[in-house]
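Architecture at a glance
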Amino acid sequence: MSFVHAVRQQLRLNAFWGPRRCLATQSSPAAAQANPDSGSASPKPGEPALAKSCCTENTVLVGLNYLKGQPEVLAMPDDAYPPWLWTLLQPKQIPDDGPGGKGEKMRLRKANRQRIREQNFMKTQ
């Protein structure tokens, strides 16, 4: 199985799972559904800020330790991770810097890729 095939298969599986599912021993989807306002945009005054990750500190992360004889991988507190980690899932902002700029080149490249895909698909019909 190639790397690309594995990534595509994982993306298909992610469509059926919740967006913040954590494969850990202490977390469960039922607990996430029991607290419906956990995804509120801003915390109310007097309430603690919501965690950035879905796993609490010292949660055993299943499936990350694949070497024999090694200790289990535990989740660290949110502040132990670098700040850029929490921005990875945000959509990429394409700058609109006028004609001939980086934004236009990215849009043209994307349109060209899509045109090539469509042509290749039509060749198979």
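No experiment lies behind these values; they were computed from the predicted model shown.

Helix and strand counts for the protein stand at three helices and zero strands. Within the protein, the fraction of its 125 residues that count as buried is 9%. When the accessible surface of the protein is totalled, it reaches about 11300 Å², and 59% of it is carbon and sulfur.

What follows concerns the confidence of the model for the protein. Of the residues in the protein, 59% reach a pLDDT of 70 or more, and the chain-wide mean stands at 75. Here helix α2 (residues 29–34) stands out as the element of the protein with the lowest mean pLDDT, 44, in contrast to helix α3 (residues 102–123), whose mean of 95 is the highest. Between residues 25–41, whose pLDDT stays under 50, and residues either more than four places distant or in other chains, the model counts ten contacts.

Side chains bearing opposite charge may pair, as long as their charged atoms lie close to each other. Under the criterion given, the structure shown has one salt bridge. Measuring nitrogen to oxygen at the nearest pair gives 3.6 Å for the salt bridge that ties Asp96 to Arg107. Residue Asp96 is found in the loop between α2 and α3, and its partner Arg107 is found in helix α3; the two are separated by eleven residues along the sequence. On the accessibility criterion, Asp96 (66% relative accessible area) is exposed.

Per the stated rule, a full pass over the model turns up one aromatic pair. Ring plane angle 90° and centroid distance 6.0 Å describe the contact between Tyr81 and Trp86, whose orientation is recorded as edge-to-face. Assessed through its relative accessible area of 24%, Tyr81 is described here as partly exposed. Taking the relative accessible area as the measure of exposure, Trp86 reaches 24% and is therefore partly exposed.

Despite not being glycine, Asn58 shows a phi value in the positive range, around 65°. In this structure, Asn58 sits in the loop between α2 and α3.

Here we take up the environment of Glu72. Considering the arrangement of structural elements, one finds Glu72 in the loop between α2 and α3. Residues Glu72 and Leu61, spaced eleven residues apart in sequence, show a C-alpha to C-alpha distance of 7.6 Å. Sequence-distant contacts of Glu72, defined by excluding residues within four places in its chain, comprise Val60 and Asn65.

With that settled, consider a nonpolar patch on the surface. Taken together, the side chains of Trp84, Leu88 and Leu89 make up a nonpolar region of the molecular surface, amounting to roughly 430 Å² of accessible area. Assignment of secondary structure puts Trp84 in the loop between α2 and α3.

Criteria and thresholds
- Residues numbered from 1 in each chain as written.
- Predicted model: local features only at pLDDT ≥ 70, side-chain atom pairs only at ≥ 80, totals over all residues.
- Heavy atoms only, no water.
- Helix = DSSP H or I, 4+ residues; strand = E, 2+ residues; numbered from the N terminus.
- Buried < 20%, exposed > 50% of the residue type's maximum accessible area, 1.4 Å probe, protein only.
- Areas by Shrake-Rupley, 256 points an atom, 1.4 Å probe, with all protein chains shown as cover.
- pLDDT = per-residue confidence, 0-100.
- Contact = heavy atoms within 4.5 Å.
- Salt bridge = Lys/Arg side-chain N within 4 Å of Asp/Glu carboxyl O.
- Phe/Tyr/Trp six-rings, centres within 6.5 Å; stacked < 30°, edge-to-face > 60°.
- Patch = residues over 30% accessible without salt bridge, like charges linked within 9 Å, V, L, I, M, F, W, Y side chains within 5 Å.

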